[in-house]
Amino acid sequence: MESIRKFIDFCGPAVYVVMFMLCGYLIWKAGWRAIDLNLGGVQHTGWSSIPIMLGAVALVVSHFSGPMLRFGDFSRYAKSYAAVKKGNFLGLPVNFLNFSILVIVTASQRHSVTASQRH
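Residues numbered from 1 in each chain as written. Predicted model: local features only at pLDDT ≥ 70, side-chain atom pairs only at ≥ 80, totals over all residues. Heavy atoms only, no water.

1. What about the packing of aromatic side chains?
For any two aromatic rings, the description comes down to two numbers: the centre-to-centre distance and the angle of the planes.
For step 1, the next point in the chain: Here the structure, examined in full by the defined rule, presents 2 aromatic pairs.
For step 2, the next point in the chain: Geometrically, the ring pair formed by tyrosine 16 and phenylalanine 20 is tilted, given 6.2 Å between the ring centres and 35 degrees between the ring planes. Of this pair, tyrosine 16 and phenylalanine 20 both sit in helix H1 (residues 2-30), separated by 4 residues, roughly a single helical turn.
For step 3, the next point in the chain: Under the relative-accessibility criterion, phenylalanine 20 is labelled partly exposed at 46%.
For step 4, the next point in the chain: Measuring from centroid to centroid gives 5.9 Å for tyrosine 25 and tryptophan 28, while their planes differ by 45 degrees, and the two rings are tilted. Taken together, the residues tyrosine 25 and tryptophan 28, both in helix H1 and 3 residues apart, mark about one turn of the helix. (Phe/Tyr/Trp six-rings, centres within 6.5 Å; stacked < 30°, edge-to-face > 60°. Helix = DSSP H or I, 4+ residues; strand = E, 2+ residues; numbered from the N terminus. Buried < 20%, exposed > 50% of the residue type's maximum accessible area, 1.4 Å probe, protein only.)

In structure tokens:
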């Protein structure tokens, strides 16, 4: 069990290091101007935006439901209540925000190849 804990303690930060490196590589190759946050041409207003918002809420709930259901597993070996609070803060909202920013920047890279370069 101790070797598994050490492996998990290593892999958690290693995943983020690799994700930041890959995101930086994409920005370096494509350039800052290639980040385009206007991914969709469809704009929703009024009642048509309700299903989009419900989908976003469902994604956030589904993201946090796993850690919430397994809270006992995460807090079992905590040294104190303060350690549990710190772990929850770093593991849930901070982790979610960092991962979301990386995904948005990665997904918003415009492909800069023109039609003449494709052929």
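2. Thoughts on the environment of phenylalanine 96
For step 1, the next point in the chain: Along the polypeptide, phenylalanine 96 turns up in helix H4 (residues 81-107).
For step 2, the next point in the chain: Taking the relative accessible area as the measure of exposure, phenylalanine 96 reaches 25% and is therefore partly exposed.
For step 3, the next point in the chain: Separated by 33 residues in sequence, phenylalanine 96 and histidine 63 place their C-alpha atoms 8.4 Å apart.
For step 4, the next point in the chain: Not counting the four nearest positions on each side in its chain, phenylalanine 96 is found in contact with Val60, His63 and Phe64. (Contact = heavy atoms within 4.5 Å.)

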